[in-house]
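# Residue-level structure breakdown
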Amino acid sequence: SEYCMLGNGFKDGTSGKLSRMDYALWLAKVIHHDLAIGNATGWHYWNSYEPGSADNPRYFLIAMNPRRTVNADTLFTITKNLWALGHYSLFVRPGMYRVETSRNDGLADTAVAQNIMISAFKDTAEKKLIINMINYTTENKNATLILQGITKGKTMLLVNRYVTSEKEGDDLKPYPLNSNGNSTTKNNSHNVDLPARSITTYMFRPM
């Protein structure tokens, strides 16, 4: 299947100007639904770069400056789309399989698509668990991840957290784990924080 932001669906009903992160969140939402709802086993982005504005990255990951000069800093602009895709392409690698997730808020799929979306992936050697969470709302959120049946008799340790958000520099940025973010209990329960309008990847390894 082919993907690009044709039509107006990516605007999610808004009429004003979209931010770079708005485009990235829509891209992440499409990837999430293709993998977690549609059960796709692969995802390809065809058009990596082309001339255009980084403020309207409907068809590319990198905007090439059509009036570029010899100054290398003006040759191109990396958009938030690239980092959104990276939350999946960098961490969800060939040979991994998707782990079933469930939630306790009772939201229907249509409501989830405007709230917090979660997908999880595990390698066959059971040495790594990746959880991607999209906070589509305009508020900071927190959640509790309860890991059950992931590894036989082993506790999963949260070892890395990567964030892409509206904030400048939040481009798959590694964040330190706070006292809540790296807490581990006997039932594999982890409290996590999700910035508003963000994509967060959590990496776990068995202890």
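Structure report, in brief. (Residues numbered from 1 in each chain as written. Predicted model: local features only at pLDDT ≥ 70, side-chain atom pairs only at ≥ 80, totals over all residues. Heavy atoms only, no water.)

### Side note on the layout of surface pockets
Basically, it comes down to this: Both site types are read off a 1 Å grid over the protein atoms alone. A 1.4 Å probe that fits but cannot get out defines a cavity, while an open set with protein on both sides within 12 Å along at least five of seven lines defines a pocket; lining residues have an atom within 4 Å of a point. Grid points are joined across faces, edges and corners, and a volume is the space filled by probe spheres set on the points. By the criteria applied, helices consist of DSSP H or I runs no shorter than four residues and strands consist of E runs no shorter than two, each listed in order from the N terminus.
Here the largest pocket is characterised by a volume of approximately 710 Å³. Taken together, 22 residues form the lining of the largest pocket, with Ser102, Arg103, Thr144, Leu145 and Ile146 sitting closest to its centre. Taken together, the elements giving at least two residues each to the lining of the largest pocket come down to strand E5 (116-122), strand E6 (129-135) and strand E7 (141-146). By residue number, the principal contributor to the lining of the largest pocket is E7, which donates five residues.

### Section: the packing of aromatic side chains
Heads up, the condition is: In this analysis, rings of Phe, Tyr and Trp, with Trp reduced to its six-membered ring, are considered paired at centre separations within 6.5 Å, and the interplanar angle assigns stacked below 30 degrees, edge-to-face beyond 60, and tilted for intermediate values. Between buried and exposed lies partly exposed: a residue is buried under 20% and exposed over 50% of the maximum accessible area for its type, with that area taken using a 1.4 Å probe on protein chains only.
Applying the stated criterion across every chain, the model contains two aromatic pairs. For the ring pair Trp43 and Tyr45, a centre distance of 6.4 Å and an interplane angle of 40° mean the geometry is tilted. We classify Tyr45 as buried; its relative accessible area is 16%. Seen in terms of ring centroids, Phe91 and Tyr162 are 4.9 Å apart; in terms of plane orientation they differ by 35°. Their pairing is tilted. On the criterion of sequence distance, the pair formed by Phe91 in the loop between helix H2 (80-89) and strand E4 (97-99) and Tyr162 in strand E8 (residues 156-164) is long-range, its members being 71 residues apart. Note on Phe91: relative accessible area 7%, which makes it buried.

### Concerning the pattern of salt bridges
Just so we agree on the cut-off: When a carboxyl oxygen of Asp or Glu is within 4 Å of a side-chain nitrogen of Lys or Arg, the pair counts as a salt bridge.
Scanning all chains against the criterion turns up six salt bridges. Residue Asp171 is joined to Lys80 by a salt bridge in which the shortest nitrogen-to-oxygen separation is 2.6 Å. Taken together, the residues span a long stretch of sequence, with Asp171 in the loop between E8 and strand E9 (173-174) and Lys80 in helix H2 at a distance of 91 residues. Between Glu139 and Lys141 there is a salt bridge whose closest N-O contact spans 3.9 Å.

### Some thoughts on the environment of Met64
Put simply, the rule reads: Whether two residues are in contact is decided by their heavy atoms, any of which lying within 4.5 Å being enough.
Checked against the element boundaries, Met64 lands in strand E2 (residues 62-64). Given a relative accessible area of 19%, Met64 falls into the buried group. In this structure, Met64 is in contact with Tyr49, Glu50, Pro51, Gly52, Leu75 and Phe76, ignoring residues within four places of it in sequence.

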